[in-house]
Amino acid sequence: MYSAKYSASEITQDDMLFLASPLTFDPSVVELFLALSSGASILVVPNTVKMMPVELSAALFRHHHVTVLQATPTLLRRFGSHIIRSAVLSANSSLRVLALGGEAFPVLNLLKSWKHKKNKTSIFNLYGITEVSSWATCYKIPEEVFSADLRTDLPIPLGSPLLGTKVEVRDTNGSAVLEGEGQIFIGGEERICFLDDEITVPLGTMRETGDFVRVQNSKLFFLGRKDNQIKRHGKRFNIECLQQAAEDLCQVEACSVTWYQQEKLILFIVPKDDLEERETLKELQKRLPAYAVPDELVLIKALPLTSHGKVDISELNKTYQNHLNSRRRDSKLSGAEELWERLQYLWKSALGVLDDSTRISKDAVFVYSGGDSLKALRFYDEIEMLVGKAVPGLLEVILSHSIEEVYRHILKILFPDENQLMNYDSVMKRKLSGNSGENFHGKCIKLKSERGLEVASGLIPFIAVSRGNNFFSMDFNKSFMQPHNTVQVGVEVLQQPSFLHLVTPSIMKSHVQGYETEKILTVMNKASKPNCCSVQQIHAESSDVTMAELALGIRWKSNTRKCVDASPLIVIPSKEVSASVYVGSHSHAMQAIDLNLGEIKWEKNLGDRIESSACISKCGNFIVVGCYDGLVYVLQSSDGEIHWTFVTEDAVKSSAVVDSSSGLVYIGSHDEHVYALDIYKKACIWKLHCEGGAVFSSPCLSSFPHHLYVATLRGLLLAVNPVTGNKIWKSFLGKPLFSSPHCNEKYICVGCVDGNLYCYNHSGEKVWQFSTNGPVFSSPCISSLTKQEIFFGSHDRFIYCCNMEGNLLWKFEVTSSVYGTPFVFQSDNLKNKIFLAAVSTDGKVWILNAKSGTAEGVDKLPGEVFSSPVVWGTKLVVGCRNDYVYCLDLYITGKKKS
């Protein structure tokens, strides 16, 4: 089998083979059996010698004259270019065969620089996987490619299959690829390998390799590993392309690439002579698309190796962490002028702009220049590393203000004297736009054009559904006096958490008979038992059903003209009025869309970009939504007309929450305050300063105990009295909190950009924390449908399910980072199974089995997704950055959509 590999140079008893691979690495079998089958000698050296390139070179080529060397490209590079040229591939080298495998083959230009013109060594490119007996293909590099007049950017093919080996290339649908890109599958009638607990393997089994290739003129060219595919700046690519481009540079001895914490693309270089980092970056920019240019170069003395001779990525990541720590210690700024220059460089780097000639306007705002929350966090980290200290309030300024104001904010802390000399004013308050024709009265605005609205008396019951399984239900048929004497309420269920002790299953069922095709029942063991979870869609006890894959199809899409990062609100009234979807866009437009038909009921342009998700008022007549212009808008739900606006002092990205007992609306702002608003009296009841931290996420309301939980970008979790606005307790988590807190009757959970999900009890004691490998922007979803398990996503590309003790029940890997909040649902039309809907930022919509974490269905939207999905019945609604909001129908495969 293996003799085919070296057909041009048969192994004989005169050969000396080097046992380069440890016995735990499958290529060692090749080395051992080649020697045993041919009578050749095999050289074994101590591991300590392998770690010393000079000593190893002397043992192999001066003392024992090795003729056959099989190694990974990284192991070969450990010799260094000088030893490779003077010994391994010198004019009089003893080496007849050099076989490189286990990693991507070196670029031809590098190989050519190593090989002496008179060297006669035959060089082979080997490819294979452990699952199919090590090597599977082989390609001998023709001698003519080393000639001086041949192009050096030609790719090296993987070669032909070995005897008894079958190689196929398939696309994502499993179809054969004859030209183009696809994944390699390897197998054969006789080449069988048993994996894990396999007892039998059918003849002809083809194994998925996880490697992607390009098929061109019947030749296979390696593109990269599946697990080395990343999405950056909206483009998907293999990081091997960066490594190959860097290897082609004359100043690079060896290199490797890591996707550090799924956030930064780091190129590690073993340099030749004097390597200028800035010039190297410029050269890479010429050779690579912008999305493949590294965030940073790190110079190292040698590449760390695993015991198998491959690059040790974990060690490289540790090296980079040490590099960051060292840079933080050594960082010094000479003054304000250098700060401005460095700040511009970091700004460009965070946004993927490396062109020195690109001018940054002083008025440029990070989020309007292509930035998002994650990029802003990187920019924030780089600035604090640059200045060598914490800069309070910095992240909030980055997210809402210009680069000049970011500069002023830093300058104010670092160089107060220079700040005065440069005659800069203190940081300006954010200017509010679009307020012409308005009279200001304290913090409230009364529009001159405002109609005199009174809360309607003929109210109808409704159910409102929003992200994270927040359900809000009202029935106005029973007499129940409210504090503001404007509405009469009989049965009520709070948005988060809920007063389920007021509801019995029979009462709730009687109130929802008029709702379209969906049904809703409350989950209770006892009618009198309080339950602080959101009300869920519950149906009859499900029986065991056959596994069936879910399909997703577009029911409708609505064009909002710019990105939709806000999450939808679905309001389902009685059968006389159709259900509505309320969602805002970066285009300033707020839309009300018919859930079934996708028709726009009304559209209202607000003063600026909308990222806040809407919430419904207690009476159902109004929706409340925050805006980048610093206003909280109260719009009439029937036609979008403005009922009232409330002014804060900065952008409002937080989503409001309503207390159904009092009707008060709670919302945060980037002005570092959280507000309690009475939208009926058009008054601010109280406001609370959150100790310097902007409130990005949505507050969370608990009924037992009656607490309001607020998370800030300064890393503060606050418990507040919803009636008085007084602080009850606080906990400092140390890193920004973009995630909204979510609670049940026992605990409050919130995600943090330090990669942890934190759990507190209502007294403010930390109960546990669960660690992921990436920042957690996703808000946790706690659902009583699944015994109150916690679902959330992370930027490490996993969706997690934990129990209330913080133990992992399952995790599911998706294809990109997860920003949005998952949603648990159940439907008669979907066999009563309990599902989890989640989205990854690459636009994939995932439907998972909520109990097992297995995939039941997936679809792809044509844009990035930072919105959270909301499900009602078999309809899933979510926003997309291609300017549309989508409604997807969910149905069992083979079952016709209704």
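Our structure is the block above this text.
Computed from a predicted structure; not experimentally measured.

Cut-offs used in this document
- Residues numbered from 1 in each chain as written.
- Predicted model: local features only at pLDDT ≥ 70, side-chain atom pairs only at ≥ 80, totals over all residues.
- Heavy atoms only, no water.
- Helix = DSSP H or I, 4+ residues; strand = E, 2+ residues; numbered from the N terminus.
- Buried < 20%, exposed > 50% of the residue type's maximum accessible area, 1.4 Å probe, protein only.
- Contact = heavy atoms within 4.5 Å.
- Areas by Shrake-Rupley, 256 points an atom, 1.4 Å probe, with all protein chains shown as cover.
- Pairing = 2+ DSSP bridges.
- Axes fitted to C-alpha atoms, helices over the stretch in contact; angles between N-to-C directions.
- Phe/Tyr/Trp six-rings, centres within 6.5 Å; stacked < 30°, edge-to-face > 60°.
- Lys NZ or Arg CZ within 6 Å of the ring centre and 35° of its normal.
- Arc of directions from axis to C-beta.
- Parallel < 35°, antiparallel > 145°, perpendicular 65-115°, else oblique.
- Left-handed = near helix turned anticlockwise from the far one by under 90°.
- Nonpolar A, V, L, I, M, F, W, Y, C, P; charged D, E, K, R; others polar.
- Polar contact = N/O pair within 3.5 Å; in protein donor to acceptor, adjacent residues only side chain to side chain.
- Salt bridge = Lys/Arg side-chain N within 4 Å of Asp/Glu carboxyl O.

Trainee: How should the overall build of the protein chain be read in this particular structure?
Mentor: Assigned secondary structure in the protein chain consists of 15 helices and 53 strands. Counting only residues that meet the buried cut, the protein chain has 60% of its 898 residues in that class. Counting only contacts in the protein chain whose residues sit at least 6 apart along the sequence, the fraction spanning at least 24 positions is 56%. As presented, the protein chain carries roughly 36,500 Å² of accessible surface, and 50% of it is formed by carbon and sulfur atoms.

Trainee: What exactly am I supposed to notice about the sheet that holds strand β11 (residues 219-225) here?
Mentor: Picture the strands of a sheet paired through backbone hydrogen bonds; they go either parallel or antiparallel. The 4 strands are arranged β8-β9-β10-β11 in an open sheet whose pairing can be described as antiparallel. A strand with exactly one partner marks an edge of an open sheet, and here the two such strands are β8 (166-170) and β11. Looking at each pair of strands side by side, their axes are set apart by 45° on average, direction ignored. Note: strand β9 (residues 180-187) against strand β10 (residues 206-216), 7 bridges, orientation antiparallel. Residue Gly182 lies in a different strand from β10, and its bridge partner there is Val213.

Trainee: Explain the packing of aromatic side chains to me, please; I cannot follow it from the model alone.
Mentor: Each aromatic ring pair is specified by the distance between its two centres and by the angle formed by the two planes. Tallied over the full model, the rule gives 27 aromatic pairs. Summarising the aromatic geometry, the rings of Phe777 and Tyr819 are spaced 5.3 Å apart at their centres and angled 15° between planes, so their arrangement reads as stacked. Of this pair, Phe777 sits in the loop between β42 (766-771) and β43 (781-783) while Tyr819 sits in the loop between β46 (808-813) and β47 (823-826), and the two are 42 residues apart along the sequence. We note that Phe777, like Tyr819, is buried. Each ring, one from Phe791 and one from Trp810, has its centre 6.1 Å from the other, and the planes form 50°; the classification is tilted. Residue Phe791 is located in strand β44 (residues 789-793), and its partner Trp810 is located in strand β46; the two are separated by 19 residues in the primary sequence. Just as Phe791 is buried, Trp810 falls in that class too. Following the ring pairs from residue to residue traces out a cluster consisting of Phe696, Phe738, Phe777, Tyr819 and Phe866. Here the guanidinium or amino end of Lys557 rests over the ring plane of Tyr884, the centre of that ring lying 4.7 Å away.

Trainee: Help me understand unusual backbone geometry in this model?
Mentor: What you tend to see is this: most non-glycine residues have negative phi, and most peptide bonds are trans. A cis amide bond, omega 0°, links Phe704 with the succeeding residue Pro705. By the secondary structure assignment, Pro705 is in the loop between β35 (700-702) and β36 (707-711). Within the chain, Asn217 stands out as a residue other than glycine whose phi angle is a positive 55°. Secondary-structure assignment places Asn217 in the loop between β10 and β11.

Trainee: What's the story with helix α8 (residues 277-287) in this structure? I'm lost.
Mentor: In an α-helix, one turn spans 3.6 residues; hence positions three or four apart end up facing the same way. Looking at α8, one finds that the buried residues are Thr280, Leu281 and Leu284. Each buried residue of α8 sits inside an arc of 100° when the element is viewed along its axis, so together they form one side. Buried-residue contacts for α8 involve α7 (240-247), β15 (264-271), β16 (296-299) and α10 (336-351).

Trainee: Looking at this structure, I do not really get the environment of Ser402. What am I missing?
Mentor: Mapped onto the elements, Ser402 comes out in the loop between α12 (394-400) and α13 (403-414). Given the relative accessible area of 7%, Ser402 is considered buried. Considering only alpha carbons, one finds Ser402 and Val365, 37 residues apart in sequence, at a separation of 4.3 Å.

Trainee: Can you walk me through the packing of α10 against α13 in this structure?
Mentor: Working note: a packed helix pair is described by the angle between its axes plus the distance between those axes. Between α10 and α13, whose axes approach to 11 Å, the crossing angle comes to 135°. As summarised for this structure, α10 and α13 are arranged oblique, according to the angle between their axes. Considering only the axes of α10 and α13, their crossing is right-handed. Contacts between α10 and α13 involve Ala336, Glu337, Leu339, Trp340, Leu343, Gln344 and Trp347 from the first element and Ile403, Glu404, Val406, Tyr407, Ile410 and Leu411 from the second. Within the contact of α10 with α13, the residues separate by chemical class into 10 nonpolar, 1 polar and 2 charged.

Trainee: Help me understand the environment of Asp678 in this model?
Mentor: Note that Asp678 resides in strand β33 (residues 673-678). Reaching out from Asp678, the side chain makes a polar contact with the backbone nitrogen of Lys681 at a distance of 3.0 Å.

Trainee: What's the story with the pattern of salt bridges in this structure? I'm lost.
Mentor: If charged atoms from side chains of opposite charge come close, those side chains can pair. Throughout the structure, instances matching the rule amount to 24 salt bridges. Of the charged contacts, one joins Arg170 and Glu168 as a salt bridge, the two residues approaching to 2.8 Å between their closest N and O atoms. You can call Arg170 partly exposed: its relative accessible area is 22%. Note that Glu296 and Lys264 form a salt bridge whose closest N and O atoms lie 3.6 Å from each other. Residue Glu296 is found in strand β16, and its partner Lys264 is found in strand β15; the two are separated by 32 residues along the sequence. Residue Glu296 shares its accessibility class with Lys264, and that shared class is buried. The network of salt bridges with shared partners includes Asp248, Glu283, Lys286 and Arg287.

Trainee: Looking at this structure, I do not really get the sheet that holds β44. What am I missing?
Mentor: What the 4 strands build is an open sheet, ordered β43-β44-β45-β46; its pairing is antiparallel. Each of the sheet's edge strands pairs with one partner strand only, and the pair in question is β43 and β46. The sheet shows a mean angle of 20° between the axes of neighbouring strands, direction not considered. In the sheet, β44 pairs with strand β45 (residues 798-802) via 4 bridges, with the strands oriented antiparallel. Its bridge partner being in β45, Gly793 is matched across the sheet by Ile799.

Trainee: Mind showing me how you'd approach helix α3 (residues 53-63) here?
Mentor: For α3, every residue scored as buried is listed here: Leu56, Ser57, Ala58, Ala59, Leu60 and Phe61. Each element contacted by the buried residues of α3 is listed here: β1 (16-18), β2 (41-43), α2 (47-50), β3 (68-71) and α5 (81-88). Once α3 ends, the next one or two residues include His65, with phi positive near 50°.

Trainee: Please explain the pairing of strand β30 (residues 642-647) as it appears in this structure.
Mentor: Along any regular strand the residues' side chains alternate between the sheet's two faces. With 6 of its 6 residues buried, β30 lies for the most part within the structure. Judged from the 5 bridges that link them, strand β29 (residues 631-636) and β30 form a sheet pairing that is antiparallel. Each bridged residue has a counterpart across the sheet, and for Val632 the counterpart in β30 is Phe646. The antiparallel pairing of β29 with β30 creates a hairpin that spans 5 residues between the two strands, and Gly640 there sits at a positive phi of about 80°.

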